[in-house]
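The lines below spell out each chain.
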Amino acid sequence: MTLDPYRRTRRRLLLAPTTLTLLLFMVLPMLLMGWMSLLAPDTYGGVRWKEWSLDAYVQFLYERDLDDSLTLNSDYLQIFGRSFLLAGFATVVTLLIGFPTALYIALKEEKTRQRLILLISIPFWTNLLVRTYAWMLLLRNGGLIDSSLSALGLSQGTLDVLYTPTAVAIGFVYSFLPFMVLPIYTSLEKMDWRLVEAAFDLGANRWLALRRVILPLAMPGIVAGCLLVFIPAIGSYFIPELLGGGKSLMIGNLIQNQFGTARNWPFGAALSFMLLALVLLVMWIYTRRFQRPPGE
Amino acid sequence: MQASNTLWRFRGVTPTAMLAFVYLYLPIVVLVVLSFNANRIATLWTGFSFDWYLKVMDNDNILRATKNSLIIACGATVLATSFATMAALAMAGKRFRGQAFINAMLGLPLLVPEIVTAVASLLFFLALGLDLGLLTVLIAHTVFCIPFAYLPIRARLEGLDPRLAEAAADLYAGPFATFRRVTLPLILPGVLSGAMLAFIVSLDDFVITFFVAGAGATTLPVYIFGLIRMGITPEVNAVSALMLLVSIAFVALSYWMGQRKS
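Residues numbered from 1 in each chain as written. Chains lettered and ligands numbered in written order. Predicted model: local features only at pLDDT ≥ 70, side-chain atom pairs only at ≥ 80, totals over all residues.

**Quick look at the overall build of chain A**
Argument step 1. When helices and strands are counted, chain A shows 12 helices and 4 strands.
Argument step 2. The C-alpha atoms of chain A give a radius of gyration of 24 Å, which is well past the 19 Å a tight globule of 296 residues would have.
Argument step 3. Principal axes of the C-alpha set define a box for chain A whose edges measure 80 × 75 × 35 Å.
Argument step 4. Counting every position in chain A, which comprises 296 residues, the buried fraction comes to 43%. (Helix = DSSP H or I, 4+ residues; strand = E, 2+ residues; numbered from the N terminus. Rg over C-alpha atoms; globule rule 2.2 N^0.38 Å. Buried ≥ 20, exposed ≤ 12 C-beta atoms within 10 Å, placed from the backbone.)

Below, the structure written as structure tokens:
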């Protein structure tokens, strides 16, 4: 390959459009966002470029009283806590449904497997906003679930589930289920099933084979699936906006609000930055723990 | 293979899987069925009708939003796919310094929550003094489409025999001729599926567009969101069902193309 003296130049030219686009329009904006979170807000949105201020981060924990003293305010912490709980709950439930589903698919014949995986991936590629809207049709009072329950005599009065945290949880599990099934299926598909046969031959029952052989081997897929569910769920904006009411406000709604009615850009930037830091922290732990270079 | 042995039947697996499939498809089916509902009250079935679809086709705002969506999706697909193809070619060669950094950067749009990307892009465009409109949406979409276009192309290049390009070089083909006559035809399925993913991801995006679109560049999902917030109506059902059917057709098409290749 030393025959080609232009190799490096050509490589740089080939990489330039992608690298420049990502540096300029992805990395730089994030840095700018971090910077703007340290500035003072302007009255009608925007920032005062020359006025440094930690107010955005102070505001997250404290409230400024009329006499300028700070009192602890847990409102925003509660919103972060709720986001964690809802995203965590969604992760656990998708895992409980997703693992058996992936196992079911992995145990089928080759042709059937391909079709079932296509069935799992179709919702993944269709518009999430529209599918969330479909849940509004299902969950609202007088909607399909409500009216079938009353028709069967299973409920008195109305369902009252739309615009509650329960509806948000249902929406999360629904939206992110494919993100759990696909990586788990990938790790199960790559698995050497003779190991499970060996476990059976050695007298293991199904439960023991599952716990001691299949689960450990599927672990990379399970962990990847949990991340793929948790990260978009915690930053989700329109699912809580449409399915949850005022009482299920999440981080995403709080951030959007700073650019809408609240008009506090530095606070919005600070909240986004905290969310970003959180996601990067989770990813860092994940790569440290699960993607060690071989031989370490 | 394994399924024939009763030992392989784990209790509860089949019902859970069935439940998962019903759960995934119930909302889609309900939405599509209700979009053909004659009744003004969107969730009460009274009879079959195409009226709402005709109303949608007659709505100038929806048509304008669809036009914006298509312009942006086509533009972002062309840009992202060509950038990604070039990058994948460079990344597939010999290892070089900075490769890990570029890989990390390519993962960024997939990893960072959409709302964070949306806020960062909005602040960046405003700080630059750019007017929010088609251009800002196009830039933002190109950014997050790049990784979706990149991954299938990179995977295709991975399976490519490097000796083919070497043979072309031995036969006095220049780098460009080698690419056009040897590499490109071989990676074309990857390029096509990358382009399709980019197109569908751009067409479906809501959160980032919602932040950077401004008033003039409303796309279809942003317009639908506005309608939903105003209330559940049969028109929303119809336009939503159309959106779903287009996506499903696209996925099915790309699956069918993949099947034909192998």
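**Description of the interface of chain A and chain B**
Argument step 1. Counting residues at the interface gives 68 residues for chain A, matched by 69 residues for chain B.
Argument step 2. Sort the elements by how many residues they give to the side of chain A that touches chain B and helix α1 (residues 7-36) of chain A lands first, with 18 residues.
Argument step 3. In the side of chain A that touches chain B, the residues fall into 50 nonpolar, 13 polar and 5 charged. (Contact = placed C-beta atoms within 7 Å. Nonpolar A, V, L, I, M, F, W, Y, C, P; charged D, E, K, R; others polar.)

**A few points about the UniProt feature "domain: ABC transmembrane type-1" (unreviewed entry) in chain A**
Argument step 1. With numbering aligned to this structure, UniProt lists the feature "domain: ABC transmembrane type-1" (unreviewed entry) at residues 80-286 of chain A.
Argument step 2. A helix fraction of 78% and a strand fraction of 0% characterise residues 80-286 of chain A, whose end C-alpha atoms lie 21 Å from each other. (UniProt positions renumbered as here; feature names shortened; annotations may be inferred.)

**Brief notes about the domain arrangement of chain A**
Residues and elements named next belong to chain A.
Argument step 1. Splitting chain A by domain gives domain 1 (31-73 + 265-296) and domain 2 (78-263).
Argument step 2. Spacing between the C-alpha centres of domain 1 and domain 2 amounts to 29 Å.
Argument step 3. At the junction of the two partners, domain 1 supplies 12 residues and domain 2 supplies 11 residues.
Argument step 4. Here the side of domain 1 that touches domain 2 is built from residues that sort into 9 nonpolar, 3 polar and no charged. (Domains from an automatic or database assignment.)

**Things to note about the UniProt feature "transmembrane region" (unreviewed entry) in chain B**
Residue and element names in this part refer to chain B.
Argument step 1. Per the UniProt record, the feature "transmembrane region" (unreviewed entry) sits at residues 12-36, 70-92, 104-126, 132-153, 182-200, 206-226 and 238-257.
Argument step 2. The span residues 12-36 is 92% helix and 0% strand, and its two end C-alpha atoms sit 36 Å from each other.
Argument step 3. Measuring from the first to the last C-alpha atom of residues 70-92 gives 32 Å, for a span that is 100% helix and 0% strand.

**As for the environment of Leu128 of chain A**
Residues and elements named next belong to chain A.
Argument step 1. Summarising the element assignment, Leu128 is placed in helix α5 (residues 128-139).
Argument step 2. A count of 23 C-beta atoms within 10 Å places Leu128 in the buried class.
Argument step 3. Between the alpha carbons of Leu128 and Ile239 there is a distance of 8.9 Å; along the sequence they are 111 residues apart.

**Section: helix α9 (residues 206-234) of chain A**
Argument step 1. Its 29 residues give α9 of chain A an end-to-end C-alpha distance of only 35 Å, which falls more than 12% under 42 Å, the value for a rise of 1.5 Å per residue.
Argument step 2. Along α9 of chain A, the helix axis deviates most sharply at Met219 of chain A, where the bend reaches about 55°; the proline Pro220 of chain A sits within four residues downstream. (Expected span 1.5 Å × (residues − 1). Bend = angle between axes of the 7 residues up to and from the residue.)

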